[in-house]
Amino acid sequence: MKLKPAAFIPELLRHIFKKPATVRYPFEKLKVPDDFRGTPVLKPELCIVCRSCVRDCPAFAIEITTLSEEEKKYKMTIHNDRCIHCAQCVESCPTKALFMDTEFEIATDSRLKLKAEYIYSRQKKTDQKSQQT
Amino acid sequence: MKKITIPIGPQHPALKEPISLRMTIEGEVIKDADIRLGYNHRGIEKLAESKTYIQNIYLMERICGICSHSHTTCYVQAVEALCGLEVPKRGLYIRTLVSELERIHSHLLWLGVAAHEAGFDSLFMYTWRDREVVMDLLEIISGNRVHYAINTIGGVRRDISEQQKEKILEGIEFLRKRTEYYTNLGTTEPTFVARISGVGKLPKEKAIELCAVGPTLRASDVASDIRKDDPYAVYDEIPFDVCTADTCDVLGRVVVRVKELIESYKIVEFVIKNLPAGEIKIKAPRKVPEGETVSRYEAPRGENIHYVKSNGTDKPERLKVRAPTLANYPATIEMLKNGFVADIPLIFAAIDPCICCAERVVELIDVKSGRSDIMTFSEIKRKYFCEKKRETL
Ligand code: SF4
Ligand code: SF4
């Protein structure tokens, strides 16, 4: 192959007049795609406390504690500081009670602030059915 | 001239990850090299034994940030083989699509690194800028730029829409033009060619003898590619060529990777145009029947091997990973021999090393006696902590 000295020069010169390839973050932001995997969020009204999400989460980021056995009250804690944003919980959930939002600027000064807590009473399966019909 | 040994690393400005290289040099010429690993050991294989098969997908993904899809695919293929699952065609096609997009991003990244090590920083900037195009495509498909998490046992997790297909084709068209330009540039720019040709020689016989893999092997004129030799997913249905070069040096490794980029564009286009309709996954059992299997995969850096042994529960009994970089170390030593000290970063970068992926065991060497041992943690505790205590008493 024939060698051409300084073959790169025209390309370099062309770039002087081009727009920058980056955006001026944080003043300008790029849009993330619609099904971006952000933070897992619970819709408490749909959860049947089957604990599939707890079992499948690879980072042990979901915790469900029973607050009251009689009233069927539960607390779900999603530790977003441990979460690796894989969305396996969303996939494991049989009732689609979990979804991923598109938030990506979640940095804070304390990992405790990343915890999300949901206190709710469980929907009986029959309740859900009656709601649907 | 007197021979002296100089240590490079574990921490060194020329190294991106910790590794220890000991070079025996005579003047400026390297006479012998020794590679010491173990500075980046993460205990992933042990951890995998305590996680379920589903959780392990995400753990395998984190072996490497660049070939994350390679490790998950290799792993799920093994588990699917153990369960006897027949993955739907569409699932396999999407898997192949993501693996080729990954190869594109990895090779573009490598091209930039090689250019940087050779002192051609404008090429480095431009390839990395163009790489953003394929990163964005991966993000659109999977929801994340680095850890795509598209694989699951029994298929893939996300489908591809018509809109996404169009975007992918557009992106690939752009990248093809850019790559053609870089091919032209990389092989005609005299300073760049002079810097990389003849550096890091690995003759064909040596490459075979030392079991080199991937582009390193193909640059020594050995047409070996797992996608052709032992086709997995749908590679037996896809037309593509195995790219080789016969110069056996860093220039050859650049040429092989650039040619592979062009092949990958072809594969992506073929996959998009021939994507069959149907399901993307089938349901997998939680418990995997007893057995053992080996799965092979052509990662961007070479052959990746996963060995999985199951004992009938929902957790693997043993999971062994052989990352491609590990296979290329013996060949690297051969390449370094009789080279110059100034070529070390370039030669090393040319195998596209991923050091922490290759870290599998920690070897303890007694400094006084030179005795080497592989120990369990309780032995370490007994030996070192107890001895310390006794001494202080
Ligand atoms: S996204 Fe993944 S890591 Fe995060 S809570 Fe869900 S399963 Fe766990
Ligand atoms: S969120 Fe879904 S998977 Fe988790 S306990 Fe509730 S219903 Fe089950």
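This is a predicted model, so every value here is computed, not measured. (Residues numbered from 1 in each chain as written. Chains lettered and ligands numbered in written order. Predicted model: local features only at pLDDT ≥ 70, side-chain atom pairs only at ≥ 80, totals over all residues. Heavy atoms only, no water.)

We now examine the overall build of chain A. Assigned secondary structure in chain A consists of 4 helices and 5 strands. In sequence order, the secondary structure elements of chain A are arranged as α-β-α-β-β-α-β-β-α. Principal axes of the C-alpha set define a box for chain A whose edges measure 80 × 35 × 30 Å. Taking all 133 residues of chain A together, the buried fraction comes to 36%. Restricting to contacts in chain A with at least 6 residues of sequence separation, those with at least 24 account for 72%. Carbon together with sulfur atoms contributes 56% to the accessible area of chain A, which is approximately 9000 Å² in total. One finds the centroid of the 24 positive side-chain charges in chain A at a distance of 6 Å from the centroid of its 18 negative side-chain charges. (Helix = DSSP H or I, 4+ residues; strand = E, 2+ residues; numbered from the N terminus. Buried < 20%, exposed > 50% of the residue type's maximum accessible area, 1.4 Å probe, protein only. Contact = heavy atoms within 4.5 Å. Areas by Shrake-Rupley, 256 points an atom, 1.4 Å probe, with all protein chains shown as cover. Lys, Arg positive; Asp, Glu negative; His and termini not counted. Charge placed at Lys NZ, Arg CZ, Asp CG, Glu CD.)

This brings us to the pairing of strand β2 (residues 20-26) of chain B. All names here are of chain B. In this sheet, β2 lies alongside strand β1 (residues 4-8) in antiparallel orientation, the contact comprising 5 bridges. The partner of Thr-5 across the bridge, within β2, is Thr-24. Where β2 and strand β3 (residues 29-36) come together, 7 bridges link them in antiparallel fashion. By the bridge assignment for β3, Met-23 is matched with Ala-33. The loop that links β2 with its antiparallel partner β3 comprises 2 residues; one of these, Gly-27, has a positive phi angle of about 70°. (Pairing = 2+ DSSP bridges.)

All names here are of chain A. Applying the stated rule across the entire model yields 3 cavities of 30 Å³ or more. Of the pockets and cavities examined, the largest cavity occupies roughly 80 Å³. Around the largest cavity, the lining is made up of 15 residues, and of these Cys-47, Cys-50, Cys-53, Cys-93 and Ala-97 lie nearest the centre. The residue inventory of the lining of the largest cavity, partitioned by class, reads 12 nonpolar, 2 polar and 1 charged. By volume, the second largest cavity amounts to about 70 Å³. What lines the second largest cavity is Pro-40, Cys-57, Pro-58, Ala-61, Ile-62, Cys-83, Ile-84, His-85, Cys-86, Ala-87, Gln-88 and Cys-89. Tallied by class, the residues present in the lining of the second largest cavity amount to 10 nonpolar, 2 polar and no charged. (1 Å grid on protein atoms, 1.4 Å probe; cavity = no way out; pocket = protein on both sides within 12 Å on 5 of 7 lines; lining within 4 Å. Points joined across faces, edges and corners; volume = space filled by probe spheres on them. Nonpolar A, V, L, I, M, F, W, Y, C, P; charged D, E, K, R; others polar.)

Before going further, it helps to spend a moment on the domain arrangement of chain B. Its domain assignment divides chain B into domain 1 (44-357) and domain 2 (364-393). Placing the centre of domain 1 of chain B and that of domain 2 of chain B at their C-alpha centroids yields a distance of 40 Å. (Domains from an automatic or database assignment.)

Moving on to the site of ligand 1. Residue and element names in this part refer to chain A. Taken together, 14 residues lie around ligand 1, and Cys-57, Cys-83, Cys-86, Ala-87 and Cys-89 are the ones closest in. In this structure, ligand 1 is accommodated by the second largest cavity. Class assignment for the residues of the shell around ligand 1 results in 12 nonpolar, 2 polar and no charged. (Near = heavy atom within 4 Å. Sits in = over half its atoms within 2 Å of the grid points.)

Right, let's talk about the nonpolar core for a bit. Residue and element names in this part refer to chain B. If you look at the biggest cluster of nonpolar residues, it comprises 48 residues, and the most contacted ones within it are Leu-21, Met-23, Ile-196, Tyr-329 and Phe-348. Setting aside residues no more than four positions away along its own chain, Phe-348 makes contact with Leu-15, Ile-19, Leu-21, Ile-35, Tyr-329, Thr-332, Pro-353 and Ile-355. Of all hydrophobic cores here, the second largest spans 37 residues; its members include Leu-138, Tyr-235, Tyr-265 and Tyr-297. (Core = buried A, V, L, I, M, F, W, Y, C linked by side-chain atoms within 4.5 Å.)

Before going further, it helps to spend a moment on the site of ligand 2. Around ligand 2, a shell composed of 15 residues is seen, among which A:Cys47, A:Cys50, A:Arg51, A:Cys53 and A:Cys93 lie nearest. Of all the cavities here, the one that holds ligand 2 is the largest cavity.

To continue, consider the interface of chain B and chain A. Contact residues are listed per partner, giving 31 residues for chain B and 27 residues for chain A. When chain B packs against chain A, close to 2600 Å² is buried across both sides, 49% of that on carbon and sulfur atoms. Summed over the three residues of chain B that lose the most area to chain A, namely B:Gln55, B:Tyr126 and B:Thr188, the buried surface amounts to 19% of that side. Summed over the shared surface of chain B and chain A, the result is 5 salt bridges. For B:Arg157, the salt bridge identified is with A:Glu91, shortest N-O distance 2.7 Å. Applying the counting criterion to the chain B and chain A interface returns 17 residue pairs in polar contact (both at pLDDT 80 or more). Elements represented by at least two residues in the side of chain B that touches chain A include exactly α2 (53-61), α5 (121-142), α6 (162-188) and α7 (190-196) of chain B. The greatest single-element share of the side of chain B that touches chain A, amounting to 7 residues, is contributed by α5(B). Along the lines of polarity and charge, the residues of the side of chain B that touches chain A split into 12 nonpolar, 9 polar and 10 charged. (Buried area = accessible area lost by both parts, 1.4 Å probe. Salt bridge = Lys/Arg side-chain N within 4 Å of Asp/Glu carboxyl O. Polar contact = N/O pair within 3.5 Å; in protein donor to acceptor, adjacent residues only side chain to side chain.)

Residue and element names in this part refer to chain B. On inspection of all chains with the given rule, the structure shows 1 disulfide over all chains. One disulfide bridge connects Cys-354 with Cys-357, the sulfur atoms lying 2.5 Å from each other. In this structure Cys-354 comes out as buried when scored by relative accessible area, which is 8%. Among the residues examined, Cys-357 registers a relative accessible area of 2% and is labelled buried. For Cys-243, which is in no disulfide, the shortest distance to another cysteine sulfur is to Cys-248 and amounts to 16 Å. Residue classification places Cys-243 among the buried residues on the basis of a relative accessible area of 6%. (Disulfide = S-S within 2.5 Å.)

Let us now look at the sheet that holds β2(B). Residues and elements named next belong to chain B. Across the sheet, which stays open at both edges, the 3 strands sit in the order β1-β2-β3 with antiparallel pairing between neighbours. Each of the sheet's edge strands pairs with one partner strand only, and the pair in question is β1 and β3. Within the sheet, the average angular offset between the axes of one strand and its neighbour, ignoring direction, is 25°. (Axes fitted to C-alpha atoms, helices over the stretch in contact; angles between N-to-C directions.)

Turning our eyes to something else, we now look at the pattern of salt bridges. Residues and elements named next belong to chain B. Taken as a whole and assessed by the stated rule, the structure comprises 39 salt bridges over all chains. The partner of Glu-45 in a salt bridge is Arg-318, and the shortest N-O contact between them spans 3.1 Å. One end of the pair, Glu-45, is in helix α1 (residues 44-48); the other, Arg-318, is in strand β8 (residues 316-322), and 273 residues separate them in sequence. Judged by its relative accessible area of 10%, Glu-45 is buried. What makes Arg-318 partly exposed here is its relative accessible area of 31%. The partner of Arg-227 in a salt bridge is Asp-225, and the shortest N-O contact between them spans 2.9 Å. Put simply, Glu-100, Arg-103, Arg-218, Asp-225, Arg-227, Glu-260 and Glu-298 are held in one network by salt bridges that share partners.

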